Amino acid sequence: MSNATQPIHFLIVDDLEENLLALEALLRRDGLSFLRARSGEQALELLLQHEVALALLDVQMPGMDGFELAELMRGNGRTQNVPIIFVTAGSADTQRRFRGYEAGAVDFIQKPIEPDILRSKANVFLELYQQRRALADSAEQLEKQVRERTAELEHTLVRLQSEIAERERAEASLRQSQKMEAVGQLTGGIAHDFNNMLTGIIGPLDLLRRKIAVGRIDEIDRYIDAATASAERAASLTHRLLAFSRRQSLDPSPLDINALIKSMSPLIENALPEQIKLDLAFGNDLPYAMADANQLENALLNLAINARDAMLTGGQLTIETAVVHVDAEQHLIRPGVPQGEFVLVSVTDTGTGIPADVLEKVFDPFFTTKPQGHGTGLGLSMVYGFAQQSGGAVRIHSNAGLGTSVKLYLPTTHTRPTIAAVAPVVMRAGAGQRVLIVEDDHAVRMLVCEVLQELQYEALEVSEPTAALPLLASDQRIDLMVSDIGMPGMNGRDLAEAARLHRPDMPILFITGYAEQATRRADFLGENMSMITKPFSLDTLARTIDDLIGQGSPAENLSE
């Protein structure tokens with residue numbers, strides 16, 4: 001309903017009925033309605049129920065006077081913009097007028113009232129209100145027209161989209177489904193691979209339970225091996241997914257890229273058939289690269305295997321290194337590569353190449369052109385995630401029938417690599433040292449406790465960080481804290497900070513399945529801290545605890 005058809009309300013407030021009637025008689029006109037109140041409280045009730053164009057307030061009233069009523073109106077969002085004219089029979093001194101204006105009045109009218117002056121002033125605010133209503137009506141009408149026009153345009157757009165889809169149905173369908181296809185490919189690939197791996201874990205464990213129940217323990221080793229192999233494949237899949245999403249835990253350090261590739265070249269050669277020749281072309285005087293050595297080796301091995309699979313009838317695989325400087329101009333012709341200095345590692349094959357329509361998808365997770373069972377589709381996506389997380393980039397160039405070249409850009413550093421002394425690995429049993437375990441997962445907590453007990457440590461376990469705080473603040477001896485990172489409430493790093501307030505020298509071992517803040521170990525770990533990633537082997541756990549505590553006698557084999 002339009003505002004033009006609604007009455008306009010004036011509020012008149014006076015404790016004397018005859019004054020109310022007199023004011024109404026003076027101001028009466030068509031389209032104007034009056035709300036009469038004989039007290040401030042009654043006026044407030046009316047203001048809550050009606051929209052008011054002007055309020056005429058008597059100053060002197062019993063109880064709440066006009067000034068107090070005006071102040072309450074100004075303090076309320078509904079009434080703060082209502083014009084207020086004070087009607088008063090009292091003195092018109094400056095101080096009194098100042099208080100009225102301070103309370104929110106726009107004008108004063110002194111009794112006895114001059115009708116023409118009252119009408120002229122009231123008409124000004126009536127016209128202003130009518131103009132505001134007209135503007136509101138215009139805005140509403142404009143919004144209605146915009147909505148109608150928008151609906152027409154949307155209808156036209158739908159019709160045009162339908163016509164375009166009819167003419168170019170195949171292209172439009174591909175364009176609209178690309179994102180959902182990637183998500184479906186990702187979730188489908190995860191579900192497929194993990195279900196296979198879980199079957200390979202649950203099945204052997206079930207058979208293992210059955211064999212033990214009937215006392216046939218001579219056959220259990222192969223079931224244990226099968227379950228372990230499937231579990232390791234599941235762990236590898238998780239690491240690849242984290243690498244693709246740039247959420248894996250990296251430990252970057254200065255690397256001599258030429259030396260690293262040379263050291264792993266026998267491994268690459270073993271993965272290649274005789275009809276494929278490996279050629280290494282090292283650049284001279286390369287700066288050191290800053291990257292995680294293990295993840296870089298995994299990336300290069302993935303690229304070499306992809307190249308091998310593209311050269312079924314033989315060919316040449318070339319791994320080449322160089323230093324490149326990407327400036328603003330180079331950045332434009334190398335999309336995705338940040339500006340700066342990089343060590344460039346190129347892995348080039350002479351294989352079948354990649355068609356143009358496939359090339360743009362090769363970094364998508366679980367996308368593969370290999371037959372089912374011959375590839376996870378995570379190799380290149382892992383390389384992409386590793387390069388991005390390392391502060392570099394990866395680009396791929398290919399022509400069908402002419403081969404493929406994958407170029408890995410790794411940031412450089414002036415820091416020299418540290419050469420660690422090679423010492424024999426000797427795991428030592430504990431000597432009763434007390435280890436506090438903070439882990440919310442029961443199975444992981446039980447596993448860590450069992451390993452500690454086997455190694456002759458004393459295990460003190462809690463399931464949540466808040467339960468560990470009183471122990472850390474107490475006087476009882478704690479030689480090491482083993483803590484998960486991702487826990488509800490307080491995370492493991494916050495717990496470590498709280499622990500260091502009471503025990504500044506206590507070693508701390510973090511165990512994590514995934515924690516976003518721990519993806520760069522050097523930034524996450526403090527002094528006398530270490531971290532291992534779930535799933536971990538018992539040997540890894542035992543060695544890391546031994547490194548942190550470093551006391552006791554050589555441990556017995558945990559498998560015995």
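Residues numbered from 1 in each chain as written. Predicted model: local features only at pLDDT ≥ 70, side-chain atom pairs only at ≥ 80, totals over all residues. Heavy atoms only, no water.

**Q** Before we move on, can you summarise the packing of helix H8 (residues 257-271) against helix H9 (residues 293-309) with the specific residues and values?
**A** Following both chains from N to C, one finds H8 and H9 inclined at 40°, their axes separated by 10 Å at the closest point. One way to sum up the angle between H8 and H9 is to call them oblique. Considering only the axes of H8 and H9, their crossing is right-handed. Within the contact between the two elements, H8 uses Ile257, Leu260, Ile261, Met264, Leu267, Ile268 and Ala271 and H9 uses Ala293, Leu296, Glu297, Leu300, Leu301, Ala304 and Arg308. Of the residues contributing to the contact of H8 with H9, the split by class is twelve nonpolar, no polar and two charged. (Axes fitted to C-alpha atoms, helices over the stretch in contact; angles between N-to-C directions. Helix = DSSP H or I, 4+ residues; strand = E, 2+ residues; numbered from the N terminus. Parallel < 35°, antiparallel > 145°, perpendicular 65-115°, else oblique. Left-handed = near helix turned anticlockwise from the far one by under 90°. Contact = heavy atoms within 4.5 Å. Nonpolar A, V, L, I, M, F, W, Y, C, P; charged D, E, K, R; others polar.)

**Q** Describe the pairing of strand E9 (residues 315-326), with residues and values.
**A** Bridge analysis of strand E7 (residues 276-281) against E9 gives six bridges, and the strand direction is parallel. Pairing of lysine 277 across the sheet is with glutamine 316, part of E9. Direction of pairing for E9 relative to strand E10 (residues 340-349): antiparallel, over a ladder of ten bridges. Following the sheet pairing, histidine 325 is matched in E10 by glutamate 341. (Pairing = 2+ DSSP bridges.)

**Q** Residue-level account of the nonpolar core, with values.
**A** One finds Ile257, Leu296, Leu317 and Leu408 to be the most contacted residues of the largest nonpolar core, which totals 38 residues. Looking at this core element by element, the count peaks at six residues for H9. In this structure, leucine 317 is in contact with Ile268, Leu272, Ile276, Lys277, Leu278, Asp279, Ala304, Ala307, Met311, Val347 and Thr348, ignoring residues within four places of it in sequence. Counting residues in hydrophobic clusters, the runner-up holds 23 residues, among them Leu35, Ala43, Leu69 and Ala103. (Core = buried A, V, L, I, M, F, W, Y, C linked by side-chain atoms within 4.5 Å. Buried < 20%, exposed > 50% of the residue type's maximum accessible area, 1.4 Å probe, protein only.)

**Q** How would you summarise the pattern of salt bridges if you had to cite specific residues and measurements?
**A** Counted by the stated rule, this structure contains twelve salt bridges. We note a salt bridge from arginine 493 to glutamate 497, for which the minimum N-O separation is 2.5 Å. Here glutamate 497 and arginine 493 lie together in helix H15 (residues 492-502), a separation of four residues that amounts to about one turn. When salt bridges that share partners are traced, they join Glu17, Glu24, Arg28 and Arg36 into one network. (Salt bridge = Lys/Arg side-chain N within 4 Å of Asp/Glu carboxyl O.)

**Q** Describe in detail the packing of helix H1 (residues 17-27) against helix H5 (residues 115-167), supporting the description with residues and values.
**A** In contact at an axis separation of 9 Å, H1 and H5 are set at 70° when each is read in the N-to-C sense. Looking at the two axes, H1 sits roughly perpendicular to H5. Here H1 and H5 pass one another in a crossing that is right-handed. Taken together, the residues of H5 that come into contact with H1 (itself represented by Leu23, Leu26 and Leu27) are Pro115, Leu118, Arg119 and Ala122.

**Q** An account of the side chain of arginine 395 is needed here, citing residue identities and associated values.
**A** Within the fold, arginine 395 resides in strand E11 (residues 393-399). Discounting chain neighbours no more than four positions away, the residues touching arginine 395 are Ile333, Arg334, Pro335, Val337, Ser405, Val406, Lys407 and Tyr409.

**Q** Give a detailed account of helix H14 (residues 465-473), specifying residues and quantitative values.
**A** Structurally, the α-helix is built with 3.6 residues per turn, so residues lying three or four positions apart point the same way. Every buried residue of H14 is listed here: Pro465, Ala468, Leu471 and Leu472. All buried residues of H14 project into a common sector of 105° when viewed along the axis, lining one side. The secondary structure elements touched by the buried residues of H14 are strand E14 (434-438), strand E15 (458-462), strand E16 (480-484) and H15. (Arc of directions from axis to C-beta.)

**Q** Residues and numbers for the sheet that holds E15, please.
**A** Strands belonging to one sheet form pairs held by backbone hydrogen bonds; the direction of such a pair is parallel or antiparallel. Spatially, five strands are ordered E15-E14-E16-E17-E18 in an open sheet, and the strand pairing comes out parallel. Every other strand in the sheet has two partners, leaving E15 and strand E18 (529-533) as the edge strands with one partner each. Strand-to-strand twist of the sheet, defined as the mean angle between neighbouring strand axes without regard to direction, takes the value 20°. Strands in contact with H14 are E14, E15 and E16; relative to E14, the strand with the most contacts, it is inclined by about 155°.

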